[in-house]
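Residue strings, one per chain:
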Amino acid sequence: PELDWLKWTIAEARALALQRDWVAPSPKEILQLGTSDRLRLVQSGIQLLDVVIESLKRLEEKLQGETPAAIDLWNEHGKGVYRPKDEHRFSDYVKRQLEADLKERGIIVNREVEIRRGTGASEGERTDIRVDAVAIGDSGAGYDSITVIIEVKGCWHPELNRAMETQLVNRYLKD
């Protein structure tokens, strides 16, 4: 606290690091972005998350649209009695939507990816849906992987309101 000048030095160092590490998109990429309402520049986790959320909104429109696809997520058990598909079937459905919607952008969508191997007879940690994109690395010479993890829960799941923290954050993303 007694070194007042230090906060300015840190701010300047951060600004220099951003200037040095930022990789500008090419003119061709900028033109492509300007001519398509579906293309997005993905260089960070936040940008990938935005693209995934946009795709999920398009899925929501399909489910509730003019010819609603929501019935696809239900099993009929007798006349007029319906039960929701289980979480695995719903995860498959969402994965197919994301893959069809994002594959052309070079974004990879996977199901049940083992992120941590189990020991002995115990199973490893598996994510429901893993979305990966590749971006030019900070130095501009290599590439970085950007990942969004999606955990799927049905509204009937007993851990619905706690699973994001207990399962996703404290288990899958802990390390």
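Our subject is the structure that appears above.
Residues numbered from 1 in each chain as written. Predicted model: local features only at pLDDT ≥ 70, side-chain atom pairs only at ≥ 80, totals over all residues. Heavy atoms only, no water.

**Thoughts on the overall build of the chain**
Phase 1: Counting its regular elements, the chain contains 5 helices and 5 strands.
Phase 2: Each helix (α) and strand (β) of the chain, taken in turn from the N terminus, gives the series α-α-α-β-β-α-β-β-β-α.
Phase 3: For the chain, the proportion of its 175 residues judged to be buried stands at 26%.
Phase 4: Within the chain, contacts between residues separated by at least 24 positions form 41% of all contacts whose residues are at least 6 apart in sequence.
Phase 5: Carbon and sulfur atoms make up 54% of the accessible area of the chain, which totals about 12,800 Å². (Helix = DSSP H or I, 4+ residues; strand = E, 2+ residues; numbered from the N terminus. Buried < 20%, exposed > 50% of the residue type's maximum accessible area, 1.4 Å probe, protein only. Contact = heavy atoms within 4.5 Å. Areas by Shrake-Rupley, 256 points an atom, 1.4 Å probe, with all protein chains shown as cover.)

**Points about helix α3 (residues 45-64)**
Phase 1: The first and last C-alpha atoms of α3 sit 28 Å apart over 20 residues, in line with the 28 Å expected at 1.5 Å per residue.
Phase 2: Where α3 is concerned, the buried positions are L48, V51, V52, S55, L59 and L63. Down the axis of α3, the buried set is contained in an arc of 130 degrees. They therefore lie on one face. Of the exposed residues in α3, the ones pointing more than 90 degrees away from its buried face are I46, E60, E61 and Q64. (Expected span 1.5 Å × (residues − 1). Arc of directions from axis to C-beta.)

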